[in-house]
Amino acid sequence: MTIASLTRDRLIGLGVLALLVLGWQLLSVAFPQEIVPGVPMVPGWEKVFTTTFVSISRYWPGGWGFGSVATGEQPGYFYALLAIIYHSSFTFLRLLVGLLIGSALGISLGLAVSWSAWGRRLVNLPMQFLRVLPLLALLPLFQVWFGLSFLGEVIFVGYGVGVIFFAATINAVSNVPDVYVENSRTFGASQWRTYRTVILPAILPELHSAVLLALGAAWSAVLGSEFLGAQSGLGYILVYSQAYGFLDRMFFIALLVVLFASGSFLIVNRLLGHATRWAR
Amino acid sequence: MNTSPQIALDAQAVSRGYHRRDGAIINALSDVTLTINSGEFVCIVGPSGCGKSTLLQICAGLNMPTSGTLLANGKPVTGPGPDRGVVFQKDSVFPWMSVIDNVEYGLACRGVPAAERRKIALHYLAQVGLADVAQAWPRELSGGMLKRVAIAAVFANGSDILLLDEPFGALDYVTRHKIHDVLLSLWDESERAKRTVVFVTHDVDEALTLADRILVMRGGLVIDDLRVDSTRPRDEESLSEHEMVVLKRRMLDHLGIGHGMGRAAE
């Protein structure tokens, strides 16, 4: 692909995006109905980035030397920004810790099972069930087991991510060409060294798609866990707004999630691309 | 048991059977008994399915005999080990390691200090003519260069016994001839005693170019054991010497495509 066609593709993509933005604005003009007084069903951009944005400042609980709207401060962009930073960082923390725990456990369990033929035989069938179990359906169960705590939320995200990594790792290990393992063994490598220096790097390119899948699952899991009972996070703002019919705030938060999720995909893709640069 | 130190590989009645789907047992190797001396360059020739690769894998410890014993340097083979280096038919160079890290791999497995193994690896990379691509990724190399990396790696690892399983089958004619020279010059290093080489090939000319001794296999049996006394290096010219022509004819007879018989169908 030439540079010229690359920039052309990018321009076309941006054009479509601009059309979507414009289309939304047209919809908001065409359907001015309100869900509650002052909140349209289709909030236009002129509202989203002004009154909606400012209204987010109500979710700033106060702290770091700044008061909150509840204690008499005027709602404004600054407090809205504080609220966004505050709640986003909770969501990110849950996401990150859940991802780390889930990927570490999923990959190491997958590798442990792949260690012997018996390990694979034992988990093969149960794995098929575990993989198709809908993650969000398990959420109430996790809350009963682990409560509405940070730990519970993180375990839930970790579980969702872990299952994906576990299945993908077992599959990827079984796809590593025998010749690499045999080569390593004839050089005198122990099984542990073979795992570390051959199996692990060899499965990375195949795990790439699993990582992106897991990242998507992690975002749904973290928002899902915040829907049910959390007192912070973007998911908390979403359900709270829904309860009062603040559709514009829900739209604003959804946009924020899209932005963050896209950013996280971009970063993870870059990191993985670097780790597997030998394969390109 | 005769474990005289000059014997590198000692196979006693080695058989390898496989269960076929209908329950019958197929012997890929039947009662193979042979000894290979230290420093010998042995080629095993035979049609596909004759058991030559199975025999090599058993020597490597990657495959176990169903009966019989195999000793490498007097010790029973129970699995793969750094005393027996293997060059595989498929590309075995790890694509996620740089060329030099691949050559150092065996040394790293045995805990050789980083500086020392780098020195050894660079020496062998230079020997195979790849010193300038030491830091490259394997994907940047051609098929012939990858084979050189694999050869440098087994030589760097210091194995006394080298097992090569149709290593150059996928290479073009010119590349293959060049790599023969590389292999022979490494084998002929003056600093140390010659290593034992067992080289599996289906190419009769390749065997005649390389070997001190040629074992011909068919149907899981070693059916002939030939000595090649022609001096090295051997070129096209040497292959037309009377002794070589006789050996070649004899091998082709074994393979069913000898003189007067035309090309037999596989």
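Draft legend 1. Here's a closer look at the overall build of chain A. Looking only at helices and strands, one finds 10 helices and two strands in chain A. Written out in order from the N terminus, the α and β elements of chain A read α-β-β-α-α-α-α-α-α-α-α-α. With respect to the principal axes defined by its C-alpha atoms, chain A has extents near 75 × 55 × 40 Å. Put simply, chain A has 280 residues, and 32% of those count as buried. Looking at chain A alone, contacts between residues at least 24 apart form 67% of all its contacts between residues at least 6 apart.

Draft legend 2. Region of the structure containing the sheet that holds strand β2 (residues 25–37) of chain B. Residues and elements named next belong to chain B. With respect to topology, four strands assemble into an open sheet ordered β2-β1-β4-β5, the strand pairing being antiparallel. At either margin of the open sheet sits one strand with a lone partner, and together these are β2 and β5 (75–76). Across nine bridges, strand β1 (residues 7–19) lies against β2 in antiparallel orientation. When the sheet's bridge partners are listed, H19 is paired in β2 with I25.

Draft legend 3. View of the packing of helix α6 (residues 150–174) of chain A against helix α8 (residues 191–227) of chain A. All names here are of chain A. Packing of α6 against α8 brings their axes to within 8 Å, and their N-to-C directions diverge by 155°. Judged on the interaxial angle alone, α8 and α6 are roughly antiparallel. Of the two elements, α6 crosses α8, and the hand of that crossing is right-handed. Contact residues: E153, F156, V157, G160, V161, I164, F165, A168, T169, A172 and V173 in α6; I199, I203, E206, L207, A210, L213, A214, A217, A218, A221, V222 and S225 in α8. Residue composition of the contact of α6 with α8, grouped by class: 18 nonpolar, three polar and two charged.

Draft legend 4. Region of interest: the domain arrangement of chain A. All names here are of chain A. The assigned domain composition of chain A is domain 1 (3–54) and domain 2 (59–279). Inter-centroid distance (C-alpha atoms) of domain 1 to domain 2 is 29 Å. Opposite the 10 residues of domain 1 that make contact, domain 2 presents 11 residues. Within the residue set of the side of domain 1 that touches domain 2, elements represented by two or more residues are β1 (34–36) and α2 (45–55). Grouping the constituent residues of the side of domain 1 that touches domain 2 by class yields eight nonpolar, one polar and one charged.

Draft legend 5. Looking closely at the nonpolar core. By size, the foremost hydrophobic cluster in this structure holds 127 residues, and its most contacted members are A218(A), V42(B), C59(B), V103(B), V149(B) and A152(B). In terms of residue count, α8(A) provides more of this core than any other element does, 15 residues in total. Each residue touching A152(B), except ones within four places of it in the same chain, is listed here: V103(B), Y124(B), L125(B), Q127(B), V128(B) and L130(B).

Draft legend 6. Highlighting the sheet that holds strand β6 (residues 84–87) of chain B. Residues and elements named next belong to chain B. If you trace the six strands from one edge of the open sheet to the other, you get β6-β7-β8-β3-β9-β10, paired in mixed fashion. Because the sheet does not close on itself, it has two edges, and the strands there are β6 and β10 (221–227). Along the sheet, successive strands turn relative to each other by an average axial angle of 20°, direction set aside. Relative to strand β9 (residues 213–218), strand β3 (residues 41–45) is paired through four bridges, and the arrangement is parallel. Residue pairing for β9: V42 is matched across the bridge by R213. With respect to the sheet, helix α4 (residues 143–156) is in contact with β6 and β7 (161–165), its orientation differing from that of β6 by roughly 180°. Running over the sheet, helix α8 (residues 242–254) touches β3, β9 and β10 and is turned about 175° from β10.

What counts and what doesn't
Residues numbered from 1 in each chain as written. Chains lettered and ligands numbered in written order. Predicted model: local features only at pLDDT ≥ 70, side-chain atom pairs only at ≥ 80, totals over all residues. Helix = DSSP H or I, 4+ residues; strand = E, 2+ residues; numbered from the N terminus. Buried ≥ 20, exposed ≤ 12 C-beta atoms within 10 Å, placed from the backbone. Contact = placed C-beta atoms within 7 Å. Pairing = 2+ DSSP bridges. Axes fitted to C-alpha atoms, helices over the stretch in contact; angles between N-to-C directions. Parallel < 35°, antiparallel > 145°, perpendicular 65-115°, else oblique. Left-handed = near helix turned anticlockwise from the far one by under 90°. Nonpolar A, V, L, I, M, F, W, Y, C, P; charged D, E, K, R; others polar. Domains from an automatic or database assignment. Core = buried A, V, L, I, M, F, W, Y, C linked by C-beta atoms within 7 Å.

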